[in-house]
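Reading the structure
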Amino acid sequence: MARSVLVTGGNRGIGLAIARELARAGDSVAVTYRSGEPPEGFLAVRCDVTSAADVDEAFGKVEAEQGPVEVLVANAGITRDTLLPLMKEDAFTDVIDANLTGAYRVVKRATRGMLRLKRGRVVLISSVVAMLGSAGQTNYAASKAGMIGFARSAARELGSRGITVNVVAPGFVETDMTAALEEAHQEQIRKNIPLGRYASTDEVARVVRFLASEDAAYITGAVIPVDGGLGMGH
Ligand code: NDP
């Protein structure tokens, strides 16, 4: 039977590629979208992950349509880059709220159904900068590093119930998020990537599909880099 999948921030970028990849693999896929138009071909539920009420309502709709969520991909995320001396407190707390507390909200809500099912797959989309650090991104890097500690703790709590929790740490991926960087900065980044290029969204999505699959049944608490070698050794 098709599994019930939910991808947060699945209306564009990496999240949309993940949704397409899992749908191709035969799952019933729902996506959340916050703004703009919902993507075609999926059950789309409006949800801002900074609101616990939104998250609860979104899960309710997905459960009613396609059953309890068995595969959750916590992908929604934002950046608000500024050098630390100039960073206003709301730029820090907003990024933590969306990326880290948002992951807590959706994973916590997903465990309700997964604990009953006694199986589940949780994949969190972190970033290479969680371990590497990144000037101008103290807020973002802190949120992404926090996701790793969160995921590993959840993996310990939930392992005995047949639920795996893993982290994918992409490097630079061709999306709106990286398109916003200045070309000179992008060129500098490419020079530091052993594979010399950004990832496509599909290259990230295929790793998520693997972690969500039966082939990854014995992998939990892992951080899988998809970064062209950028973060090697971390
Ligand atoms: P995009 O900026 O293209 O898309 C971000 C997605 O997250 C959108 O769907 C957006 O919704 C959603 N989102 C943001 N904030 C919220 C919120 N509060 N509630 C619900 N949804 C929200 O990003 P990418 O596809 O590039 O990134 C996806 C994930 O991958 C992020 O977590 C990012 O940090 C991570 N990542 C990206 C890398 C890259 O190089 N692009 C590298 C490493 C990690 P909306 O359309 O409404 O804005």
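Residues numbered from 1 in each chain as written. Predicted model: local features only at pLDDT ≥ 70, side-chain atom pairs only at ≥ 80, totals over all residues.

- With an unreviewed UniProt entry as reference, the protein chain is termed Beta-ketoacyl-ACP reductase, source organism Streptosporangium pseudovulgare.
- In its Sequence similarities (unreviewed entry) section, the UniProt entry covering the protein chain states "Belongs to the short-chain dehydrogenases/reductases (SDR) family." (UniProt positions renumbered as here; feature names shortened; annotations may be inferred.)

Digging into the overall build of the protein chain
- When you go through the protein chain residue by residue, the secondary structure sums to eight helices and seven strands.
- Its C-alpha atoms give the protein chain a radius of gyration of 17 Å, within 12% of the compact-globule value 17 Å for 234 residues.
- Across the 234 residues that make up the protein chain, the buried fraction comes to 46%.
- Within the protein chain, residue pairs in contact and separated by at least 24 positions form 70% of the contacts whose partners lie at least 6 positions apart. (Helix = DSSP H or I, 4+ residues; strand = E, 2+ residues; numbered from the N terminus. Rg over C-alpha atoms; globule rule 2.2 N^0.38 Å. Buried ≥ 20, exposed ≤ 12 C-beta atoms within 10 Å, placed from the backbone. Contact = placed C-beta atoms within 7 Å.)

Observations regarding the nonpolar core
- I18, L72, V73, L124, V168, V204 and V208 are the most contacted members of the largest nonpolar core, which totals 66 residues.
- In contact with L72, not counting residues within four places along its chain, are L6, V106, V107, A110 and V122. (Core = buried A, V, L, I, M, F, W, Y, C linked by C-beta atoms within 7 Å.)

As for the sheet that holds strand β5 (residues 120–125)
- Across the sheet, seven strands lie side by side as β3-β2-β1-β4-β5-β6-β7; this open sheet has parallel pairing. The open sheet terminates on both sides in strands that have one partner only, identified here as β3 (43–46) and β7 (223–226). Strand-to-strand twist across the sheet, computed as the mean angle between neighbouring axes with direction ignored, equals 20°.
- Each of β1 (4–7), β2 (28–33) and β3 is contacted by helix α2 (residues 52–66), which is oriented at about 160° to β3, the strand it contacts most. (Pairing = 2+ DSSP bridges. Axes fitted to C-alpha atoms, helices over the stretch in contact; angles between N-to-C directions.)

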